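Observations on the three-dimensional arrangement
So the chains spell out like this:
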Amino acid sequence: MVSGKGGTGKTTVAAALALALAEEGKKTLLVEVEGRQGIAQLFETEALPYEERRIAVSRQGGDVYALAIDAEQALLDYLQMFYRLGGAGRALRKIGAIDFATTIAPGVRDVLLTGKACEAVRRRNKDGTAAYDAVVMDAPPTGRIARFLGVNAEVAGLAKVGPIHKQAQAVMRVLQSSWTAVHLVTLLEEMPVQETVDGVAELRAAGLPVGAVIVNMVRPALLGEAALAGAEADKPAIARALSQAGLGGASRGAKAERLVGPLLEQAREHAARLALERTERAEIAALGLPTHELELRAEGVDLAGLYTLAAELRKQWNA
Amino acid sequence: MSTEQSLDQAPRLDVDALLDDPETRIIVCCGSGGVGKTTTAAALGVRAAERGRHAVVLTIDPAKRLAQSLGIASLDNTPRRIKDIDGDGELHAMMLDMKRTFDEIVEAHADRDRARAILENPFYQSLSAGFAGTQEYMAMEKLGQLRARDEWDLIIVDTPPSRSALDFLDAPQRLGSFLDGKFIRMLMAPAKVGGRAGMKFLNVGMSMMTGTLGKLLGAQLLRDVQTFVAAMDTMFGGFRTRADATYKLLQAPGTAFLVVAAPERDALREAAFFVERLAGDGMPLAGLVLNRVHGSGADQLSAERALAAAENLDELGIVDQPGGQAGGRATNDHGGTASPEGAPAERKDLPEQADQSSASAQPYPSAATAPADTVAAALLRLHAERMQLLARERRTRDRFAALHPEVPVAQVAALPGDVHDLAGLRDIAERLASDAAESAGGPAA
């Protein structure tokens, strides 16, 4: 399970993780549950249907399959699979029962989404081997993840008997087992780190296994605070250096000299950010979880970038 | 610069005019997660109040820091007065408590016994505790309540962090169609025991449906649902009426939608969807608030030139011949005659200049922990990174402007850290409002 606050790049990290697993020779299923078609965009393919489809092949013999789970389809599948109610499913939809179940009824939607993923985890080939070696879910954001994954426990309490009860219990067993790990993606910023800390506490309270923290979009430190202080102390020297580099005159009011102020201002912002990042790193470290860092790819992540991120994740994960 | 053209053509969103207009009664802030929606809503509230409005901010996101920045320990389901607001206006703030809101509706619309039956129903307890969808309904319900109280002349709403921002708009209609649907009527019918034979047929009889549901949900849950629906029966009409009324309220001229985004591909893509959806639903869009826009005080120096100059300094370092006054002057003379926009010709003769300047020597002041040219090279690389970021942001903004040239835009310059107090919110609002007055180009950092 890969979760993270909105804007932290959890979909990208989930996709990179799936690719990394495929590079290890594993048959991997990458699952999307929020109907955003983010996976299709990342892999530069057309929108994913509700169907497991191979979207990447690795030289090591692993593959990435992708599935965009649609709650309504999952419910109809479920009715068909367990009750052979294909036709009744259509009728149920007609009177609004499917809509009720997937949008209004408490938790059914989340039960279906997690249930479908667990079905893929437990699925077997004819020869008894696992259909997938790994299932990676691009899960809902950190703020909702504990509730999303914990929904089965709640539903099992609500429906005390019957197939939904059994199904919810079975899903919960998988989610709380060592088969599952919830990885949290964050940025080195206050809000995402706070949400990660809160999320970890909630997951732990719900007995859900927390995996790693993945710090995404880490920007390089280009100028240390000591060097900045030195520059502040001798602005004329900086002006002269800029001038030497061909950026105009160093005397007061000349072109290079006029650059010093704005450039130092940017350096101050940079230094402030580095200081903030130090605080945030310490907070993440205090969680006592394995932590990985992925560098910012300034031009955004395209398919090639995704493979680079996957390689980086693999390297760090195996280190 | 040509890229600036399309951005300049986008009309500027005049936030102060919007806040000052007494006709503006509701402002809805919407957009994808992580773009600063809640902070924008709070900042608008502070500014509106300090410009004389009696405003209330309804936040959905339970960010503790926001409450703290407003100077109160925590926000709850009751509007709390915010202290230290300058001027004659007033600001109240509250945070939506879904369960509390739902409970209050039940208590207000059912007699005591019925209310207790509902509140104790397990199905209701789960429903109201905030499963997918409830938050949206309750946000709409709360908005309707605040409007009906008529204690404030401006309500600013922050929308739920939905998986899709569109859920918020769909909630009332979905509830309405559900309440009108056959499904409810069917649930209201006494549960009959579904005959097994009935399962085989496609003509759906009630007994078969409840039989199926009972099988699926378990008889006890189905009973809970039915009891709940029966108990809620008298209230459903009210739900429906209010949901419809709130939806109409959102379409009314006194409402203004602000789509909030950051200058990033995904956030702006979502913003574009939202703009289209609002237009489709006849909802009045006031404009786009673009948070975290970067600027540079030295944007006359391009990323390419900055990088070339940094490399130039690196070479100087390798030669290990520190430059000085004379070298500085030599380039000074050259710089004085060069065209301000840095023609490629100027770049070409950089190595030559480097050779010239390295001829003269003067040691750097030892106060610096690194040689000035190393620091200067780092400053230039930092600047190049900033300029590349600016270019990327500009491209994404231009793309949005090309798709929706009619949408007024207000840009908010990026802050180094998060907002922690009222002054910080005031600062954000100031940045938001001053963009309207600003001329072409990005805001200064």
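Everything quoted here is computed from the prediction, not taken from an experiment.

Looking only at helices and strands, one finds 13 helices and eight strands in chain A. For chain A, with 319 residues in total, the buried portion stands at 56%. When contacts within chain A are restricted to residue pairs at least 6 apart in sequence, long-range pairs at least 24 apart make up 68% of them. Total accessible area on chain A is roughly 12,700 Å²; 53% of this is exposed by carbon and sulfur atoms.

All names here are of chain B. Counted by the stated rule, this structure contains 42 salt bridges over all chains. Where Asp 150 meets Arg 25, a salt bridge forms, and the shortest distance between an N and an O atom there is 3.2 Å. Here Arg 25 lies in the loop between helix 2 (15–20) and strand 1 (26–30) and Asp 150 lies in the loop between helix 8 (134–149) and strand 5 (154–158), a separation of 125 residues in the sequence. The partly exposed category is assigned to Arg 25, whose relative accessible area is 22%. Taking the shortest distance from any N to any O, the salt bridge between Arg 431 and Asp 427 comes out at 3.3 Å. Remark: Asp 427 and Arg 431 occur in helix 19 (residues 422–437); sequence separation between them is four residues, near one turn of the helix. When its relative accessible area of 23% is taken as the criterion, Arg 431 is described as partly exposed. Classification of Asp 427 as partly exposed rests on a relative accessible area of 31%. Overlapping salt bridges bring together Lys 99, Arg 100, Asp 103, Glu 104, Glu 107 and Lys 142 as one network.

Turning our attention to the confidence of the model for chain B. All names here are of chain B. When pLDDT is averaged along chain B, the result is 76; 69% of the residues meet or exceed 70. When the criterion is pLDDT under 50, residues 1–5 qualifies, and its contacts beyond four places in sequence or with other chains add up to five contacts. This stretch, residues 320–368, has a pLDDT under 50; its non-local contacts, to residues over four places away or in other chains, come to 75 contacts.

So, about the sheet that holds strand 3 (residues 80–81) of chain B. Residues and elements named next belong to chain B. Read from one edge of the open sheet, eight strands run 3-4-2-5-1-6-7-8, paired in mixed fashion. Only two strands of the sheet have a single partner each, and these edge strands are strand 3 and strand 8 (409–413). Those strands touched by helix 3 (residues 37–50) are strand 1, strand 2 (54–59), strand 4 (90–95), strand 5, strand 6 (255–261) and strand 7 (285–293), and its axis lies near 165° from that of strand 5. Here helix 8 sits on the sheet and contacts strand 1, strand 2, strand 4 and strand 5; the angle it forms with strand 2, its principal contact strand, is near 165°.

A few words now on the environment of Gly224(A). Tracing the sequence through the fold places Gly224(A) in the loop between strand 7 (210–218) and helix 10 (225–233). Each C-alpha atom, one on Gly224(A) and one on Ala267(A), is 9.1 Å from the other, the two residues being 43 residues apart in sequence.

Parameters and conventions
Residues numbered from 1 in each chain as written. Chains lettered and ligands numbered in written order. Predicted model: local features only at pLDDT ≥ 70, side-chain atom pairs only at ≥ 80, totals over all residues. Heavy atoms only, no water. Helix = DSSP H or I, 4+ residues; strand = E, 2+ residues; numbered from the N terminus. Buried < 20%, exposed > 50% of the residue type's maximum accessible area, 1.4 Å probe, protein only. Contact = heavy atoms within 4.5 Å. Areas by Shrake-Rupley, 256 points an atom, 1.4 Å probe, with all protein chains shown as cover. Salt bridge = Lys/Arg side-chain N within 4 Å of Asp/Glu carboxyl O. pLDDT = per-residue confidence, 0-100. Pairing = 2+ DSSP bridges. Axes fitted to C-alpha atoms, helices over the stretch in contact; angles between N-to-C directions.

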